[in-house]
Amino acid sequence: MSDDKKTRCDIGQVIRCVVDENDLDGEQRRHLDECPVCREELRRLEGGLRRLEHTAAEYTPGPVRRPALPVEESAQPHRPAFGWRLAWGTAFSLALVMLIAVWALFRGGLSPESYQDVAREMAEDEMLLAEVIVLEENPLPDAYREISPEETSGIDEEIFDFIVPVEGWSTDQESGTKEV
Amino acid sequence: MGMAVMQGGGADLRDRPDQAAAVRRAVAGDREAFEELMNTYHRRIFAMVYSRITSRMDAEDITQEIFVRAFQGVRSLRDPELFKSWLYRIALNAVNDFLRKKRLRSIFTLFTRERDEGEVPDPIGGGPDYLERKEFWTRLKEFFSRLSPSEREVFRLRFLDGLCIREVAEVMEKNESTVKTHLYRAVEKFRRERDLSGLLKEEMS
Ligand SMILES: [Zn+2]
């Protein structure tokens, strides 16, 4: 063991070596290589960490289920919510309503009340169809939609963090799917 | 000298061209490529989740969520080299979402006194080494309770999940020197830890 102040036994150097040995300078490395006390300390500490990793792995069961991916392809970055399906749906419902109107006319004309009924039904049909399309666009159950990146960010999440902070993680983390 | 052990828990995309290619294909929308990556990381992500919640069933569910979330977001991954860190960050967020909701539920049941009357299955499960396992996870939790949240997370990612410093920094979105500072303090506390060290198993060579 050297008497040089810079290379005296220092547990801080041993820990720094465990964290990242590249952070030690040449003198410190040499000391750790040559000093039996520090080498023993290093051996003990590294061994403990290795055994910790090993024990945790031993006491962790293997997964039973293989994750099931959604049937559709992986989502496009931002697929428009109302795309061509809505256009087709609207066209179809309009055609249907016109067909009914023509049929009613051929059967002897429509009273003003009937025209109103047709118009109301037409509006209802469109609303229903729009709902169906929205459901089609978001086929995941609520539980999954809750964890989607768009749903987990925003003010609600911040309030939630404030009320029920998570122990193991600083609350300043952003959404997991943040682009990197 | 130094931690030649535990270098990054295996595949680092920067050192694994085959995996990097799979990531690029997955980013381009190739489902098979994503499944390949899922096969590579499934067990590790499950273990990562399990070590934080020690409930097998919940870990299965959360792992499922993580891969669905990753599958749905992979196309927006701009730098394929960061796939692993990105996946671990999704995993960490999913675990924390789960823990937060669990805590909220427990607060709610405390107020409403609507505690489940039925039997609650032990999340750690049975088996011949049940007591040792239970003791280990309990002591580990106690040790972690003596660390700050950042020290705890950095220590877990580095020494339980086997990520390298750079990956830990990427997952936590902190710079490497901050990660090392937290890690230094956590290792210092680990060194003084006595309750846990007696429970650690020797590695078979
Ligand atoms: Zn020394």
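Look up: the structure comes first, before these words.
Focus on the side chain of Gln19 of chain B
Residue and element names in this part refer to chain B.
Phase 1: By secondary structure assignment, the location of Gln19 is in helix 1 (residues 17-27).
Phase 2: Residue classification places Gln19 among the buried residues on the basis of a relative accessible area of 5%.
Phase 3: A polar side-chain atom of Gln19 sits 2.9 Å from a polar atom in the side chain of Tyr41.

Quick notes on the packing of helix 6 (residues 149-160) of chain B against helix 8 (residues 176-192) of chain B
All names here are of chain B.
Phase 1: Relative orientation of the contacting elements helix 6 and helix 8 amounts to 85°, with a least axis distance of 8 Å. The angle between the axes of helix 6 and helix 8 places the two elements in the roughly perpendicular class. Where helix 6 abuts helix 8, its residues Ser150, Glu151, Val154, Phe155, Arg158 and Phe159 lie against Val179, His182, Leu183, Arg185, Ala186, Val187, Lys189 and Phe190.
Phase 2: Class assignment for the residues of the contact of helix 6 with helix 8 results in 8 nonpolar, 2 polar and 4 charged.

As for helix 1 of chain B
Residues and elements named next belong to chain B.
Phase 1: Among all positions of helix 1, only Gln19, Ala20, Ala22, Val23, Ala26 and Val27 are buried. Each buried residue of helix 1 lies within a common arc of 160° when the element is viewed along its axis, so the set occupies one face.
Phase 2: Just beyond helix 1, the residue with positive phi is Gly29, at close to 105°.

Some words on the coordination of the zinc ion
All names here are of chain A.
Phase 1: Every protein donor of the zinc ion is accounted for by Cys9 (SG), His31 (NE2), Cys35 (SG) and Cys38 (SG), and the metal-donor separations fall at 2.2 to 2.3 Å.
Phase 2: Because the angles between the 4 donor atoms bound to the zinc ion fall within 99 to 116°, the donor set is best described as tetrahedral.
Phase 3: For the zinc ion, the single-chain donor residues occur in sequence as C-x21-H-x3-C-x2-C. Taken together, the residues Cys9 in the segment before helix 1 (11-20) and Cys35 in the loop between helix 2 (26-34) and helix 3 (36-58) connect sequence positions 26 residues apart.
Phase 4: Cys9 gets classed as partly exposed once you look at its relative accessible area, which sits at 35%.

A short note on the side chain of Lys180 of chain B
Phase 1: With respect to the element layout, Lys180 of chain B can be found in helix 8.
Phase 2: Taking the relative accessible area as the measure of exposure, Lys180 of chain B reaches 17% and is therefore buried.
Phase 3: Once residues lying within four places of it in the same chain are set aside, the contact partners of Lys180 of chain B are Val19, Asp20 and Asp23 of chain A together with Ile165 of chain B.

Focus: the pattern of salt bridges
All names here are of chain B.
Phase 1: In the structure shown here, the tally under the stated rule is 26 salt bridges over all chains.
Phase 2: With a shortest N-O distance of 2.8 Å, Asp161 and Arg52 are connected by a salt bridge. Within this pair, whereas Asp161 is found in the loop between helix 6 and helix 7 (165-172), its partner Arg52 is found in helix 2 (residues 31-53), the two being separated by 109 residues in sequence.
Phase 3: Its relative accessible area of 9% is what places Arg52 among the buried residues.
Phase 4: With a shortest N-O distance of 3.3 Å, Glu167 and Lys84 are connected by a salt bridge. Pair noted here: Glu167 is in helix 7 and Lys84 is in helix 4 (residues 83-112), with a separation of 83 residues, a long-range link. Of the two residues, Glu167 and Lys84, neither departs from the other in class, the shared state being buried.
Phase 5: Overlapping salt bridges, with partners in common, bring together Arg52, Glu153, Arg156 and Asp161 in one network.

Parameters at a glance
Residues numbered from 1 in each chain as written. Chains lettered and ligands numbered in written order. Predicted model: local features only at pLDDT ≥ 70, side-chain atom pairs only at ≥ 80, totals over all residues. Heavy atoms only, no water. Helix = DSSP H or I, 4+ residues; strand = E, 2+ residues; numbered from the N terminus. Buried < 20%, exposed > 50% of the residue type's maximum accessible area, 1.4 Å probe, protein only. Polar contact = N/O pair within 3.5 Å; in protein donor to acceptor, adjacent residues only side chain to side chain. Axes fitted to C-alpha atoms, helices over the stretch in contact; angles between N-to-C directions. Parallel < 35°, antiparallel > 145°, perpendicular 65-115°, else oblique. Contact = heavy atoms within 4.5 Å. Nonpolar A, V, L, I, M, F, W, Y, C, P; charged D, E, K, R; others polar. Arc of directions from axis to C-beta. Donors = N, O, S within 2.8 Å, 3.2 Å for Na, K, Ca; no water. Tetrahedral: all angles 85-135°; square planar, octahedral: opposite > 155°, others 65-115°. Salt bridge = Lys/Arg side-chain N within 4 Å of Asp/Glu carboxyl O.

Keep in mind these values describe shape, not function.
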